[in-house]
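Analysis of the macromolecular model
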Amino acid sequence: MSHQDLLRLEALRKSFGSTVALSDTSLNVQRGSFVSIVGPSGCGKSTLFNMISGLERPDGGSILIDDRDVTTRTGQVGYMMQKDLLVPWRTVLGNITLGARLTRRLTYDDRRRAVDIAQRYGLGDFLHHYPMALSGGMRQRVALMRTLALDHELLLLDEPFGALDAQTRFEMQQWLLSVWRESERTVLFITHDVDEAVFLSDRVLVMSSRPGRVVDDITIDLERPRTLGTLTSAVFNGYKSQILEHLHGRVGP
Amino acid sequence: MKSRLLRNVLGSLLSFVLVMGIWQAIVVWGQVAPYIAPRPLDAFRAISGDWSTLWPLTLWTLRETVYGFLAGAVLGVVFGIVMHKIAMLQRVLYPILIVTQAIPIVALAAPLVLMLGFNLGPKIVIVAWIVFFPVTVNVLDGLTHVDGDLLTLARVLGARRWRTFLVIEVPAAIAPLFSGLKIGATYAVTGAIIGEMAASSGSSLALYQHNANANLNAAAVYGTTLIMTAIGISWFLLIVSLEFWATPWRRRVTARRRRIGGKHK
Amino acid sequence: MSQRQIRRAVLALAIASSSIAVAGVAASAATPTNVRFVYDFPGPDFELTPLVVGITEGIYQQAGLKVSVLFPPDTSTTSKMLTTGSADVGFITTSDMAVAVQAKAPLVSIANYSMSNNWGLFAKPGSKLTLANLKGKKIFSWGDTWTNAMLPFVLKKAGLKASDVTVVTASNDIPLLMSGKIDFTTSTSNYGIPGILEATKASPVSIVGAAAGVPNVPVWVYSVTRDYAKNHPATARAFLAATLKATQWAIKNPAKAVADFVKKYPKSGYSSFYSTKGWGITVPLLTNAQGKFFTQTDAQWTLLANGMKSNGQLKSVPSASTYYTNAFIPQQ
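Since the model is a prediction, treat every value here as computed from it, not as a measurement. (Residues numbered from 1 in each chain as written. Chains lettered and ligands numbered in written order. Predicted model: local features only at pLDDT ≥ 70, side-chain atom pairs only at ≥ 80, totals over all residues.)

The next subject is the overall build of chain A. The number of helices and strands found in chain A is nine helices and 10 strands. For chain A, whose C-alpha radius of gyration is 18 Å, the value lies close to the compact-globule estimate of 18 Å for 253 residues. Structurally, chain A occupies a C-alpha span of about 50 × 40 × 35 Å along its principal axes. Sorting the 253 residues of chain A into buried and exposed places 47% on the buried side. Sequence separation of at least 24 residues holds for 68% of the intrachain contacts in chain A that already meet a minimum separation of 6. (Helix = DSSP H or I, 4+ residues; strand = E, 2+ residues; numbered from the N terminus. Rg over C-alpha atoms; globule rule 2.2 N^0.38 Å. Buried ≥ 20, exposed ≤ 12 C-beta atoms within 10 Å, placed from the backbone. Contact = placed C-beta atoms within 7 Å.)

We now examine the overall build of chain B. Broken down by element type, chain B carries 11 helices and one strand. Along chain B, helices (α) and strands (β) appear in the sequence α-α-α-α-α-α-α-α-α-β-α-α when read from the amino end. Buried positions account for 38% of the 265 residues belonging to chain B. Taking the intrachain contacts of chain B between residues at least 6 apart in sequence as the baseline, contacts between residues at least 24 apart amount to 78%.

This part takes up the sheet that holds strand β8 (residues 185–188) of chain C. All names here are of chain C. A sheet is described by the order of its strands in space; here three strands give the open sequence β8-β5-β9, paired in antiparallel fashion. A single partner strand is all that each edge strand has here, and the edge strands are β8 and β9 (205–208). Adjacent strand axes in the sheet meet at a mean angle of 30° when their direction is disregarded. Bridge count for strand β5 (residues 119–123) against β8 is four bridges, and the pairing is antiparallel. (Pairing = 2+ DSSP bridges. Axes fitted to C-alpha atoms, helices over the stretch in contact; angles between N-to-C directions.)

Bringing the interface of chain C and chain B into the picture now. Across the boundary between the two partners, chain C contributes 25 residues, which contact 21 residues of chain B. Breaking the side of chain C that touches chain B down by element, the ones donating at least two residues are α4 (78–83), α5 (94–102), α6 (145–158), β7 (166–170) and α7 (174–178) of chain C. Residues that form the side of chain C that touches chain B fall into these classes: nine nonpolar, 12 polar and four charged. One ladder, built from three bridges, connects strand β1 (residues 199–201) of chain B with β7 of chain C; its direction is antiparallel. The partner of Ala-199 of chain B across the bridge, within β7 of chain C, is Ala-170 of chain C. (Nonpolar A, V, L, I, M, F, W, Y, C, P; charged D, E, K, R; others polar.)

For the two pairs of chains in contact, the largest share of contacts goes to chains A and B. There is no contact between chain A and chain C; across them, the least C-alpha separation is 48 Å.

Attention shifts here to helix α10 (residues 233–252) of chain C. With 20 residues, α10 of chain C ought to run about 28 Å at 1.5 Å a step, and its terminal C-alpha atoms sit 29 Å apart, in line with that. Within α10 of chain C the residues assigned to the buried category are Thr-235, Ala-236, Ala-238, Phe-239, Leu-240, Ala-242, Thr-243, Leu-244, Ala-246, Thr-247 and Ala-250 of chain C. (Expected span 1.5 Å × (residues − 1).)

Further remarks concern helix α7 (residues 148–156) of chain B. Leu-153, Ala-154 and Val-156 of chain B are the residues of α7 of chain B that are buried. All buried residues of α7 of chain B fall inside an arc of 160° around its axis, so they share one side. The secondary structure elements touched by the buried residues of α7 of chain B are β6 (78–80) and α3 (98–103) of chain A together with α8 (161–172) of chain B. Trailing α7 of chain B by a residue or two, Gly-158 of chain B shows a phi angle of about 90°, which is positive. (Arc of directions from axis to C-beta.)

When the parts of a complex come together, some accessible area is lost, and that lost area is often taken as the interface size. Counting residues at the interface gives 25 residues for chain B and 29 residues for chain A. Secondary structure elements with two or more residues in the side of chain B that touches chain A: α7 and α8 of chain B. Per element, the largest residue contribution to the side of chain B that touches chain A is seven residues, and it comes from α7 of chain B. Of the residues belonging to the side of chain B that touches chain A, the class tally is 13 nonpolar, six polar and six charged.

Sheet architecture is open: three strands sit in the order β1(B)-β7(C)-β6(C), paired in mixed fashion. Each edge of the sheet is formed by a strand with only one pairing partner; in this case those strands are β1 of chain B together with β6 (138–141) of chain C. Neighbour-to-neighbour, the strand axes of the sheet open up by a mean angle of 25°, direction not taken into account. Sheet topology note: the β6 of chain C/β7 of chain C ladder contains four bridges and is parallel. Bridge pairing links Ser-141 of chain C to Thr-169 of chain C in β7 of chain C.

Moving on, we get to the environment of Thr-71 of chain A. All names here are of chain A. Within the secondary structure layout, Thr-71 lies in the loop between β5 (68–69) and β6. Judged by the 17 C-beta atoms lying within 10 Å of it, Thr-71 is partly exposed. C-alpha separation for the pair Thr-71 and Arg-57, spaced 14 residues apart in sequence, amounts to 7.2 Å. When sequence neighbours within four positions are dropped, the list of residues in contact with Thr-71 reads Pro-58, Ser-62 and Ile-63.

What follows covers the confidence of the model for chain B. All names here are of chain B. Residue-level pLDDT values for chain B average 89, and 96% of them are 70 or greater. Looking across chain B, the model is least confident in β1, with a mean pLDDT of 84, and most confident in helix α3 (residues 51–85), with 95. Considering only residues more than four positions removed or in separate chains, one finds that residues 260–265, a stretch of pLDDT under 50, has 11 contacts. (pLDDT = per-residue confidence, 0-100.)

Glancing now at unusual backbone geometry. All names here are of chain A. Put simply, Arg-224 and Pro-225 share a cis peptide bond, and its omega is -5°. Summarising the element assignment, Pro-225 is placed in the loop between β10 (213–219) and α8 (228–232). A positive phi angle, close to 70°, is found at Asp-151, a residue other than glycine. Take Asp-151: it is sitting in the loop between α5 (136–149) and β7 (154–158). The exposed category is assigned to Asp-151, around which 11 C-beta atoms lie within 10 Å.

Across chain A, pLDDT averages 88, with 97% of residues at or above 70. Per-residue pLDDT, averaged within each element of chain A, yields its smallest value for helix α9 (residues 234–250) of chain A (85) and its largest for strand β3 (residues 34–38) of chain A (95).

A word on the environment of Ala-220 of chain B. Residue and element names in this part refer to chain B. Along the chain, Ala-220 falls in helix α11 (residues 218–246). Sequence separation between Ala-220 and Pro-38 is 182 residues; the distance between their C-alpha atoms is 8.7 Å. Once residues lying within four places of it in the same chain are set aside, the contact partners of Ala-220 are Ala-46 and Ala-212.

All names here are of chain B. Its place among the elements puts Ala-175 in helix α9 (residues 174–198). On a C-alpha basis, the gap between Ala-175 and Ala-107 in space is 33 Å, while along the polypeptide they are 68 residues apart. Leave out the neighbours within four places in its chain, and Ala-175 touches Gly-142, Thr-247 and Arg-250.

Written out as structure tokens, the structure reads:
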């Protein structure tokens, strides 16, 4: 119950018919931490995100951000999906400010800050480009900038790099880490990729399905900043095999 | 970009010359009598020779086309939005809208004249009748096919429905809207002419042609057709230019005007 | 096709058709000569009664002719169908004839259908409208050459300028007249009176012929191309002779004649009442003061052409013989 916890889930559960999507889950996420969630399809990762973001109403339990109950309230967190969801008729700048435009009157300040964010994180030369002219990696950067621009402390990232090729993906991971560090946000990150989870996170939550629940909570004690070398270190591989064991020991053949 | 425009203009010119050439060839080699089909040049001469009469009639037909087109476009957009927003209404209206298009316009013209008289009224209704349908269908289609995840995202961000509508759904429907408008633009002048044929008070382009036809003045008949075609093409090109201007993201890398943050270099 | 081939084909066709014509007329019913008759209106109506009687009562067959009736897509196409060879004999207004000659379409009128001008203005029954209060009124027009030729005479008689009235051109007059959208329709008495009679059960107010200020010229004629007149004189003569017989038969047996029409064109869209009434009004128009059918005069053509020149429809007035020939009209 320390004040350091940004997000607290208390006995959160959700079923769809007879399927238990998420069974009684309680969880604390420390302010400023990077927490990944790995697990097979159907383990309730997305249901969890949908409830935290306010899209879905839990059957029981509550969601607290900074000790405020935000259950079923939208507009409290930043949310980024695998698809970049950039609107083609707006420029990079217009897409970054889309969140503001969707929720209130767009101010000069919003735009000024969007320009700042874009310039700080390497999109300065593309401010007036339309999304169609950007590569997949660039588009994901814009999508993340849009998520950042709304100033929510908690960011939910749902497999944002799932559609990128390995090379771009690694660049994006490093970039994400630098953005996270500089912007001092708290990140909940869903991924299928165990390497990605270990590489990025302070903590990895392993989930299993039927019923969806958190089966392991592993603190990743790897030095930051993390580099290419991190990926091949023995400690890294130790975490990796621990997680893989959890995943494959309990699910599947 | 410039050279592509040049090539397009050149291509259009070439096809124009080709069509005129074929026309000339058929009339000359086929030894077609001038009161059956004129030579192209005679048709143009018929236009220039009676320009003082034809020009006001052309403006009048253009006015019918434009007014009707605008009415149809507005109606089409409103129908598209309302039908998108109220599912029940869509179920009720869609069959009716399809029926409206199945009615032969010519059959529609006579009762319209009885109700609305001989001036602008029936022409505007006929043109709007033709134009609104493709607009409605395309706007509805555009609104229906907005990425559902984008709408979810808007909800997550805490956007109210009408803001989501204005910021996401409306712009998403702009490209389809123009598809509908372009179809409407090609048919609009036809509607105006059908209206004029059904009834004209005083004179009209259709009546001028009718008289020329009765007088076996084929050059003037073809000349009037050329004018009608020119009205249709001009209006279509105007809509295409408008589309170019309104949807820069479909062909440009960067936005045209740099607003805030232009000093980023 | 090369020029030579075309010439050969045309020659062959000419020989074939002329031999058929000669053989047909000479050898009577054995191999009848085809005559394609094209009407002035896209659909049939009672003015076709003589033609229908000729066909139905076997009068054309006796003359060695096989007459078929064609309908043009619009009233302006009849003369073109003649010049392009799509039809042999056409039924057109005298004003159509005049503009055709001006456009150098090689047509010649071979007989009058009616002998006098029964065109004019028609208002709803009980209407107080006269030429005296014509100013500011809406007058219906079919937009055809005949109406265009005649309306200026009406205005002149009423002492008005073209801008003093509104001419409404549309495709159907009776609904507009009934709904009060127009004050007058323009028509000939044989069409105008039955139409309004049928719609209102009362006779319309009519201002016709001299009362309307229009010249007394025939409205409709039978016409052929000059080539046809030159190459098929026997057929033209046989056609008019048989048509005269059929016309006289239809005058003598009006009920049976109209029944023949209704039977041949059950879907004409006109009631038996309308057709009977129309044919009844048409009959007295078919003969001149001497009781003669068909006969044309220099005066009628000159009068018409002068009138059409005065209102700008014609640029010049050619000699009357440019328009017509009485050479094929049978002895009466």
